[in-house]
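Observations on chain architecture
Listed below are the residues making up each chain.
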Amino acid sequence: MLSDMVPTGFHGVELADVQFGDTVLVVGIGPVGLMAVAGANLRGASRIICVGTREICKQVAKGYGATDFIGYKDGSIDEQVLKLTNGVGVDKAIIAGGGVETFEPVIKCLKPGGKIGNVNYLGSGTYVNIPRIEWGVGMGHKQILGGLMPGGRLRLEKLASLIACGKLDVKPLLTHKFKGFEHVEDALLLMKDKPADLIKPVVVL
């Protein structure tokens with residue numbers, strides 16, 4: 001958890017510069033998105049709107065501080081977010097899922113001066129489309145930041161202290177437990193097939 005999910009999700013929160021009282025949108029609530037929810041909550045977000053449909057992920061997200069849920073299958077993300085926020089939109093957004101097409105609706109529901117932190121690997125697509133009007137015709141101060149999570153000993157020690165002191169519980173991410181390294185292939189196949197009840201498998205000795 002500390003070498004991947006936690007630092008990646010938290011880095012999305014850092015890139016988006018989540019502050020006390022912010023309304024935050026988290027797109028994708030797989031393991032990384034769930035840690036983005038937890039990180040946004042620790043940073044003082046007042047409202048955390050999540051895009052995700054799998055029930056187990058929604059329940060875990062609630063435990064980490066999510067307040068609202070929308071489904072990408074239920075209509076455009078921006079229209080649903082604007083409806084939830086009475087047309088106001090969100091202060092910050094973290095993209096932890098989707099593809100190049102995800103940026104357009106997120107920009108549309110981001111307030112002027114808002115920031116998007118992207119920690120999603122964009123493995124396909126040629127362009128990220130920026131809607132001109134909703135970007136404030138270049139004058140809206142809407143920022144998109146994306147980057148690889150920072151690592152290193154000090155970073156991991158600080159994240160580990162959150163767990164050791166009870167501020168962060170990663171156990172809800174571990175939905176499937178295998179005993180013995182002969183089950184490594186079973187765990188990998190679970191990650192490949194992604195059954196509805198899976199968040200992350202773990203293999204222990």
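Everything in this summary refers to the structure shown in the same document. Given the structure is predicted, the values throughout are model-derived calculations rather than measurements.

Structurally, the position occupied by Lys 111 is in strand E5 (residues 110–118). With relative accessibility at 24%, the residue Lys 111 sits in the partly exposed group. Placed 19 residues apart in sequence, Lys 111 and Lys 92 show a C-alpha to C-alpha distance of 7.9 Å. Filtering out sequence-adjacent residues up to four positions away, Lys 111 remains in contact with Val 88, Gly 89, Val 90, Asp 91 and Lys 142. Of the polar contacts made by the side chain of Lys 111, one reaches the side chain of Asp 91; its length is 3.0 Å.

All right, on to the side chain of Asp 91 then. Summarising the element assignment, Asp 91 is placed in strand E4 (residues 90–95). Take Asp 91: its relative accessible area is 19%, and that puts it in the buried class. Of the polar contacts made by the side chain of Asp 91, one reaches the backbone nitrogen of Thr 23; its length is 2.8 Å. Residues contacting Asp 91, with those up to four places away along its chain left out, are Gly 21, Asp 22, Thr 23, Leu 110, Lys 111, Gly 114 and Lys 115.

The next thing to look at is unusual backbone geometry. With a phi angle near 60°, Asp 17 is a residue other than glycine that sits in the positive phi range. Judged by its relative accessible area of 26%, Asp 17 is partly exposed. One non-glycine residue, His 141, lies in positive phi territory at about 55°. Looking at where His 141 falls in the secondary structure, it is placed in the loop between E5 and strand E6 (143–146).

The buried fraction of strand E2 (residues 47–51) amounts to four of the five residues, a majority that puts the element mostly inside the structure. Note: strand E1 (residues 23–27) against E2, five bridges, orientation parallel. Within E2, the position partnered with Val 24 by the bridge is Ile 48. Following the chain from E1 across helix H2 (residues 31–42) to the adjacent parallel E2, one finds a crossover that is right-handed. One ladder, built from three bridges, connects E2 with strand E3 (residues 68–70); its direction is parallel. Its bridge partner lying in E3, Val 51 is registered against Ile 70. Running through helix H3 (residues 55–64), the crossover from E2 to the neighbouring parallel element E3 is right-handed.

Attention shifts here to the nonpolar core. Counting 33 residues, the largest nonpolar core has Val 26, Met 35, Tyr 64 and Ile 94 as its most contacted members. The set of elements that each furnish at least two residues to this core consists of helix H1 (5–16), E1, H2, E2 and H3. The dominant element in this core, judged by the number of residues it contributes, is H2, at seven residues. Discounting residues that sit within four places of it in the chain, Val 26 has contacts with Gly 33, Ala 36, Val 37, Ile 48, Ile 49, Cys 50, Val 51 and Ile 94. Core analysis: the next-biggest nonpolar cluster, separate from the first, contains 16 residues, Val 27, Ile 49, Ile 95 and Val 106 among them.

Moving on, we get to the environment of Ile 107. By secondary structure assignment, the location of Ile 107 is in helix H5 (residues 103–108). Setting aside anything within four residues of it in sequence, one finds Ile 107 in contact with Ile 116, Ile 130, Pro 131, Glu 134, Trp 135, Lys 142 and Ile 144.

Here H1 is twelve residues long and its end C-alpha atoms lie 17 Å apart, about the 16 Å a rise of 1.5 Å per residue gives. Along H1, eleven of the twelve residues are buried, which leaves the element largely enclosed by surrounding structure. Taken together, the buried positions of H1 are occupied by Met 5, Val 6, Pro 7, Thr 8, Gly 9, Phe 10, His 11, Gly 12, Val 13, Leu 15 and Ala 16. One or two steps after H1, the chain reaches Asp 17, where phi turns positive at roughly 60°.

The rules we used
Residues numbered from 1 in each chain as written. Predicted model: local features only at pLDDT ≥ 70, side-chain atom pairs only at ≥ 80, totals over all residues. Heavy atoms only, no water. Helix = DSSP H or I, 4+ residues; strand = E, 2+ residues; numbered from the N terminus. Buried < 20%, exposed > 50% of the residue type's maximum accessible area, 1.4 Å probe, protein only. Contact = heavy atoms within 4.5 Å. Polar contact = N/O pair within 3.5 Å; in protein donor to acceptor, adjacent residues only side chain to side chain. Pairing = 2+ DSSP bridges. Right-handed = clockwise from strand over helix to strand, strands pointing away. Core = buried A, V, L, I, M, F, W, Y, C linked by side-chain atoms within 4.5 Å. Expected span 1.5 Å × (residues − 1).

Coordinates in, geometry out; function isn't part of it.
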